[in-house]
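# Descriptive analysis of the structure
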Amino acid sequence: MIEDTINELIAYAMIHLGMNEFDSVYFKNILLGELGITKPSASPVDLHKIENLIVPDSLLEKVKEYLVNTKKMEEANADLFLTKLMGFITPNPSKVVEEFNKLEKESPKKALDYLYDLSIKNYYIQKNKIDKNVFWETNYPDKNIEISINLSKPEKNNVDIAKLITKVDKEEDRYPKCVLCLENLGFYGSVNQPARENIRLIPLKLGNEEWYLQYSPYGYFHMHCICFAKNHTNMFIDKMTFVRLCEFVDRFPNFFIGSNADLPIVGGSILNHNHFQGGEHLLPVMKAKPVKEFRLNKYPSTRLYKLDWYNTCLMIESKSKDELTSLASEILDGWRLYKDPVNEVYGIDLEGKHNTITPSIRKVNETYYLYLILRNNKCTPQYPDGIFHVHKQYQMIKKEGIGIIEAMGLFILPARLVHQSVEIKDVLNKSYDDVTIIKEYPDLEDFIPMIHELKRKYNKDTIDKDIREYINDVCKNILINTAVFKDTIVGKLGLDHFIGSLDL
Ligand SMILES: [Zn+2]
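In this text, all values refer to a predicted model and were calculated from it rather than measured experimentally.

A few words now on the pairing of strand β15 (residues 355–364). The buried count for β15 comes to nine of 10 residues, which makes it a mostly enclosed element. One ladder, built from two bridges, connects strand β6 (residues 256–259) with β15; its direction is antiparallel. Opposite Gly-258, over in β15, you have Ser-360 as the bridge partner. In the sheet, β15 pairs with strand β16 (residues 367–376) via 10 bridges, with the strands oriented antiparallel. Each residue of the ladder has a partner; that of Ile-357, found in β16, is Leu-374.

This is the structure we're talking about:
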């Protein structure tokens with residue numbers, strides 16, 4: 001009975017979300033009213049069962065069933081209602097900030113854990129869905145890459161896409177302006193923006209600006225967080241970016257934090273709102289070894305290395321925040337304007353800016369490690385999608401921009417690859433020719449070279465492993481595509497020349 005479920009939800013909120021007893025009277029009445037019930041159930045709640053719940057999904061399923069079957073609500077509206085309901089029973093935004101700040105005085109990790117746990121318990125991070133994602137790591141002798149097929153990020157259906165196309169979507173007409181804006185706090189949801197009644201944010205001061213911390217609802221890795229500026233302004237990397245990154249790890253040393261680059265193709269999907277991403281995870285590039293150290297004259301307590309990584313990644317190691325941020329900004333400023341025709345690098349030309357950096361930082365004891373991946377977004381007739389973007393032959397695996405997470409070695413691949421892998425196994429099993437493949441599975445057209453390769457060594461027992469290994473190599477090659485200085489004599493000399501051109 002829905003009346004029993006309401007009692008269970010209130011008990012859940014008291015046990016897992018910190019609702020106090022006095023408020024529980026109030027919220028029970030709110031839920032009764034929202035669900036159109038006149039009188040609560042008098043049956044006792046099995047508290048032991050509620051205590052053992054890790055996520056609220058089993059309770060929410062019962063509410064959804066009631067909404068769809070009894071209230072005849074459309075499924076999409078029922079889903080919106082569930083988010084609203086979880087927003088009601090989660091402590092108010094200011095109360096969460098108060099609790100976070102109190103815990104932070106004991107330990108920053110405790111505070112971060114509290115917000116993370118709350119975000120799972122209140123259905124903002126839908127853990128059940130994230131746990132279904134496919135994840136594996138390559139088993140190369142070194143420089144391993146992490147690969148994940150993300151099933152929790154919603155793929156828009158055709159109806160929603162059609163609505164988007166017909167709607168004039170000017171930024172100033174939008175509310176909130178984007179999915180990262182502060183105004184999402186408590187937002188009911190729309191065709192193109194998700195419901196956010198259950199999101200909770202923590203205000204931060206970074207580089208004398210107001211920023212906010214939240215977790216990512218899609219959780220690409222452990223405790224994947226997002227920090228965003230209060231104002232809806234474009235992504236922009238400059239010296240203050242490095243200062244903010246340092247300040248973040250000073251406050252939360254168990255997290256890394258980084259920023260997407262500030263240009264299209266090499267940046268992330270949201271270029272119009274300045275933000276960082278981080279979390280409690282060591283991304284693969286952070287395990288890469290230094291292969292070369294560059295001499296520094298102006299920075300006595302700082303070291304600069306090139307890392308043994310697939311793309312061009314520098315690492316600054318320093319205990320001095322001043323030296324680190326000054327050196328990083330000298331490298332960035334030099335790189336923005338740098339030109340090296342032999343390596344096809346044109347920092348700036350008549351089309352505009354092409355060179356930028358993807359920075360990220362972590363702190364171990366008192367030492368900062370700042371990673372600077374050199375990026376360039378220039379397109380040519382030979383590479384219309386970008387010289388240093390995913391080349392055509394790999395785009396069936398990943399065609400979107402290679403943002404910070406991928407550039408650092410964790411690939412987030414589209415959900416379609418799950419069923420496409422099943423289709424590939426089917427065509428190999430049935431030895432289809434190319435014409436039949438395209439006829440039976442039109443979405444496999446771009447996979448034909450991959451299928452040919454797999455066919456050469458086809459073995460029914462190892463096919464799953466073989467498909468994964470093929471995907472591994474594609475991801476590795478994509479990272480190599482993004483290297484502005486390749487692992488060749490010309491590339492190595494190019495990087496040396498670039499660093500030599502700076503007066504460091
Ligand atoms: Zn925004």
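From this point on, the discussion continues.
Coordination of the zinc ion by the protein is provided by Cys-178 (SG), Cys-181 (SG), His-232 (ND1) and His-273 (ND1), with metal-donor distances spanning 2.1 to 2.3 Å. Because the angles between the four donor atoms bound to the zinc ion fall within 98 to 123°, the donor set is best described as tetrahedral. Mapped onto the sequence, the residues coordinating the zinc ion show the spacing C-x2-C-x50-H-x40-H. A residue pair is termed long-range when its members are at least 10 positions apart, and His-232 in the loop between β5 (225–229) and α10 (239–251) and His-273 in the loop between β6 and β7 (275–279) qualify at 41 residues.

When you line up the elements, Gln-214 lands in strand β4 (residues 209–215). Accessibility expressed as a relative area gives 5% for Gln-214, which makes it buried. In terms of polar contacts, Gln-214 uses its side chain to reach the side chain of Tyr-124, at 3.2 Å. Gln-214 has contacts with Tyr-124, Ile-199, Arg-200, Leu-201, Cys-225, Ile-226 and Phe-228, leaving out every residue within four places of it along the chain.

Right, let's get into the packing of aromatic side chains. Evaluation of the coordinates by the stated rule reveals 13 aromatic pairs. Taken together, Trp-335, Tyr-338, Phe-485 and Phe-498 form an aromatic cluster joined through their ring pairs. Geometry around Tyr-310 places Lys-143 over its ring, the cationic atom sitting 4.7 Å from the centre. Residue placement shows Lys-476 over the ring face of Tyr-140; its charged tip is 5.0 Å from the ring centre.

Next up on the list: helix α16 (residues 463–481). Here α16 is 19 residues long and its end C-alpha atoms lie 27 Å apart, about the 27 Å a rise of 1.5 Å per residue gives. Within the span of α16, buried status applies to Ile-463, Asp-466, Ile-467, Ile-471, Asn-472, Val-474, Cys-475, Ile-478, Leu-479 and Asn-481. If you follow the buried residues of α16, they end up packed against β1 (134–137), β2 (146–149), α12 (404–407), β17 (410–413), α13 (416–429) and α15 (448–456).

Before going further, it helps to examine α13. Counted at 1.5 Å a residue, the expected span for α13 with its 14 residues is 20 Å, and the 20 Å between its end C-alpha atoms agrees. Residues of α13 that are buried make contact with β2, β17, α14 (434–440), α15 and α16. Looking one or two places after α13, you find Ser-431, whose phi comes out positive at around 50°.

The next thing to look at is the packing of helix α2 (residues 21–35) against helix α5 (residues 75–89). It is at 10 Å that the axes of α2 and α5 come closest, and there the two elements cross at 165°. Between α2 and α5, the crossing angle belongs to the class labelled roughly antiparallel. The element α2 and its partner α5 pack so that their crossing is right-handed. Side by side, α2 and α5 meet where Phe-27, Ile-30, Leu-31, Glu-34 and Leu-35 of the first sit next to Phe-81, Lys-84, Leu-85, Phe-88 and Ile-89 of the second. Considered class by class, the residues forming the contact of α2 with α5 number eight nonpolar, no polar and two charged.

It is worth spelling out the sheet that holds β16 at this point. The 10 strands lie next to each other as β3-β4-β5-β7-β6-β15-β16-β10-β9-β8, forming an open sheet whose pairing is antiparallel. On the outer flanks of this sheet lie β3 (202–206) and β8 (290–294), each paired with one strand and no other. Taking each pair of neighbouring strands and ignoring which way they run, the sheet shows an average axis angle of 25°. In terms of strand pairing, β6 meets β7 through four bridges, oriented antiparallel. Its bridge partner being in β7, Gly-258 is matched across the sheet by Gln-277. Relative to the sheet, helix α17 (residues 489–501) contacts β8, β9 (302–307), β10 (313–318) and β16, its axis offset from that of β8 by approximately 30°.

Moving on to the nonpolar core. The biggest cluster of nonpolar side chains holds 101 residues, and the ones touching the most others in it are Tyr-215, Phe-248, Leu-304, Ile-331 and Phe-498. Excluding anything up to four places from it in sequence, Phe-248 contacts Leu-204, Leu-206, Leu-213, Cys-225, Cys-227, Phe-255 and Ile-257. If you look at the next biggest cluster of nonpolar residues, it comprises 54 residues, including Phe-256, Val-285, Tyr-394 and Leu-479.

This part covers the pattern of salt bridges. The final tally for this structure, using the stated rule, is 32 salt bridges. In this structure, Lys-64 and Asp-79 form a salt bridge, with 2.9 Å as the shortest nitrogen-oxygen distance. Here Lys-64, found in helix α4 (residues 57–70), pairs with Asp-79, found in helix α5; they are 15 residues apart in sequence, far enough to count as distant. On the basis of relative accessibility, which here comes to 33%, the residue Asp-79 falls in the partly exposed class. With a shortest N-O distance of 3.0 Å, Asp-496 and Lys-292 are connected by a salt bridge. Linking Asp-496 in helix α17 with Lys-292 in strand β8, this pair joins segments that are 204 residues apart in sequence. On the accessibility criterion, Asp-496 (27% relative accessible area) is partly exposed. A relative accessible area of 33% places Lys-292 in the partly exposed class. Taken together, the salt bridges that share partners define one network made up of Glu-8, Lys-49 and Lys-62.

Moving on, we come to the sheet that holds β2. If you trace the three strands from one edge of the open sheet to the other, you get β1-β2-β17, paired in mixed fashion. Among the strands making up the open sheet, the edge pair consists of β1 and β17. The average undirected angle you get between the axes of adjacent strands in this sheet is 15°.

Rules and cut-offs
- Residues numbered from 1 in each chain as written.
- Predicted model: local features only at pLDDT ≥ 70, side-chain atom pairs only at ≥ 80, totals over all residues.
- Heavy atoms only, no water.
- Buried < 20%, exposed > 50% of the residue type's maximum accessible area, 1.4 Å probe, protein only.
- Helix = DSSP H or I, 4+ residues; strand = E, 2+ residues; numbered from the N terminus.
- Pairing = 2+ DSSP bridges.
- Donors = N, O, S within 2.8 Å, 3.2 Å for Na, K, Ca; no water.
- Tetrahedral: all angles 85-135°; square planar, octahedral: opposite > 155°, others 65-115°.
- Polar contact = N/O pair within 3.5 Å; in protein donor to acceptor, adjacent residues only side chain to side chain.
- Contact = heavy atoms within 4.5 Å.
- Phe/Tyr/Trp six-rings, centres within 6.5 Å; stacked < 30°, edge-to-face > 60°.
- Lys NZ or Arg CZ within 6 Å of the ring centre and 35° of its normal.
- Expected span 1.5 Å × (residues − 1).
- Axes fitted to C-alpha atoms, helices over the stretch in contact; angles between N-to-C directions.
- Parallel < 35°, antiparallel > 145°, perpendicular 65-115°, else oblique.
- Left-handed = near helix turned anticlockwise from the far one by under 90°.
- Nonpolar A, V, L, I, M, F, W, Y, C, P; charged D, E, K, R; others polar.
- Core = buried A, V, L, I, M, F, W, Y, C linked by side-chain atoms within 4.5 Å.
- Salt bridge = Lys/Arg side-chain N within 4 Å of Asp/Glu carboxyl O.

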